[in-house]
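Tertiary structure, described
As a plain string of letters, each chain reads:
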Amino acid sequence: MQSLSPVFLLVLALQLAIAQDNLNFNNFVDTFASCKWDSPDFDACIKNALNTCRAYFKTGIPELSISPFDPFFAKEIVQTRGGSNFNYRLKLINVSEYGWTDSIVTKFKSNRNKRWLQYSQFFPEKWLDGEYEFQGKVMNRNIDNKGAWNLTLYDYIQTTTVSRPSNTGNIKVRIEVQSIGDMKLHVSHLLRGRTFMENVLDRMINASWRPGFAVVRPLVNDMVSTAFTEIFNNNFKDLDLNTILPN
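Residues numbered from 1 in each chain as written. Predicted model: local features only at pLDDT ≥ 70, side-chain atom pairs only at ≥ 80, totals over all residues. Heavy atoms only, no water.

Some remarks on unusual backbone geometry
Of note, the bond from Asp-70 into Pro-71 is cis; its omega dihedral lies within 30 degrees of zero at 5°. Relative to the elements of secondary structure, Pro-71 occurs in the loop between α4 (56–59) and β1 (72–81). Look at Asn-94: it is not a glycine, yet its phi comes out positive at around 50°. The topology assignment puts Asn-94 in strand β2 (residues 86–98). According to the relative accessible area criterion, Asn-94 is partly exposed, its value standing at 24%. Phi at His-189 takes a positive value of approximately 60°, unusual for a residue other than glycine. (Helix = DSSP H or I, 4+ residues; strand = E, 2+ residues; numbered from the N terminus. Buried < 20%, exposed > 50% of the residue type's maximum accessible area, 1.4 Å probe, protein only.)

Some remarks on the pattern of salt bridges
If charged atoms from side chains of opposite charge come close, those side chains can pair. Counting across every chain of the model gives 7 salt bridges. Of the charged contacts, one joins Glu-76 and Lys-91 as a salt bridge, the two residues approaching to 3.8 Å between their closest N and O atoms. Taken together, the positions of Glu-76 in strand β1 and Lys-91 in strand β2 put the pair 15 residues apart, joining distant regions of the chain. In this structure, the salt-bridge partner of Lys-126 is Glu-97, at a minimum N-O distance of 3.1 Å. Of this pair, Lys-126 sits in strand β4 (residues 116–138) while Glu-97 sits in strand β2, placing them 29 residues apart in sequence. According to the relative accessible area criterion, Lys-126 is buried, its value standing at 2%. Overlapping salt bridges, with partners in common, bring together Arg-81, Arg-174, Glu-176 and Asp-222 in one network. (Salt bridge = Lys/Arg side-chain N within 4 Å of Asp/Glu carboxyl O.)

With respect to the side chain of Thr-161
The residue Thr-161 is located in strand β5 (residues 141–163) in this model. On the basis of relative accessibility, which here comes to 18%, the residue Thr-161 falls in the buried class. Of note is the side chain of Thr-161, whose polar atom sits 2.8 Å from the side chain of Gln-118. If we ignore the near neighbours within four places in the chain, the residues touching Thr-161 are Trp-116, Leu-117, Gln-118, Lys-172, Val-173 and Arg-174. (Polar contact = N/O pair within 3.5 Å; in protein donor to acceptor, adjacent residues only side chain to side chain. Contact = heavy atoms within 4.5 Å.)

Re a nonpolar patch on the surface
Together, Phe-86, Val-138 and Met-139 give the surface a local cluster of nonpolar side chains, amounting to about 290 Å² of exposed area. Here Val-138 shows up in strand β4. (Patch = residues over 30% accessible without salt bridge, like charges linked within 9 Å, V, L, I, M, F, W, Y side chains within 5 Å. Areas by Shrake-Rupley, 256 points an atom, 1.4 Å probe, with all protein chains shown as cover.)

Details of the state of the cysteines
Inspection of every chain in the model, using the stated rule, returns 1 disulfide. One disulfide in the model links Cys-35 with Cys-45; its S-S distance is 2.1 Å. Here Cys-35 and Cys-45 share a disulfide; its torsion about the S-S bond, -85°, makes the bridge left-handed. Of this pair, Cys-35 sits in the loop between α2 (25–31) and α3 (42–52) while Cys-45 sits in helix α3, and the two are 10 residues apart along the sequence. For Cys-35, a relative accessible area of 0% gives the class buried. Here Cys-53 stays unpaired: no disulfide links it, and the sulfur of Cys-35, its closest cysteine neighbor, is 9.2 Å away. Residue classification places Cys-53 among the buried positions, given a relative accessible area of 6%. (Disulfide = S-S within 2.5 Å.)

Here we look at the packing of aromatic side chains
For the structure on display, the rule yields 18 aromatic pairs. Between the aromatic rings of Phe-69 and Phe-232, the centroid separation amounts to 6.3 Å while the plane-to-plane angle is 75°, which identifies the pairing as edge-to-face. Taken together, the residues Phe-69 in the loop between α4 and β1 and Phe-232 in helix α6 (residues 209–236) connect sequence positions 163 residues apart. Comparing Phe-69 with Phe-232, the two get one shared label, buried. Both rings, one in Phe-228 and one in Phe-232, keep their centres 6.3 Å apart while their planes meet at 65°; by these two values the pair is edge-to-face. Within this pair, Phe-228 and its partner Phe-232 are both found in helix α6, separated by 4 residues, close to a single helical turn. (Phe/Tyr/Trp six-rings, centres within 6.5 Å; stacked < 30°, edge-to-face > 60°.)

A closer look at the nonpolar core
In this structure, Phe-28, Phe-32, Cys-35, Leu-92, Ile-180, Phe-228 and Phe-232 are the most contacted members of the largest nonpolar core, which totals 49 residues. With 7 residues, the single largest contributor to this core is α6. (Core = buried A, V, L, I, M, F, W, Y, C linked by side-chain atoms within 4.5 Å.)

Scope: geometric values only; no functional claims are made or implied.
In structure tokens form, the structure reads like this:
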């Protein structure tokens, strides 16, 4: 997907500014008024409604107990991997993610009977920051490190699959990274405060991340999916869609 032009982004910003003046529960529900379950145009209608409602990412919808999503915040995300020669525990702390309000849903499909939906989302720019703690073992060498990090993704596309198995009331979320136009990653204290070498490593990572990303993509998908499973359950587990969608 091509980068969005500055003119388009300006128009988008103006539209969102105007929308901010009309953010209330009734207007939110009205946006979905044409989306009828049994209509062949249901998925297209939901996609358009979601894009119309992007300004609500910043405010949330208190009447539905939906918290703001832009930025979204995760107190802690933990990932562990084990093996005889390589194992680690990575904890991301106080993670904030920005850019949802400017994102665009490009595809949406659902199956009501299977309690399943999937949508693809384009972010012109998405950025995250937080702290990290890393404990691991590589070839009998112990590693224990912590610091701060920030990540910016440009022209980023992800696909989110949301399901609710019939044998549980919980929501399951799977997020897959589809493509990244560019990426900037900065991690402090990678080499225990050896500033010169850390700066060299920083430049190397940001100049040559593409080949290595194919290897770490599954780990990124797993970590993000874990975070959003919790976020979706906190916000949407008890949501009655009949409150929003016409019968």
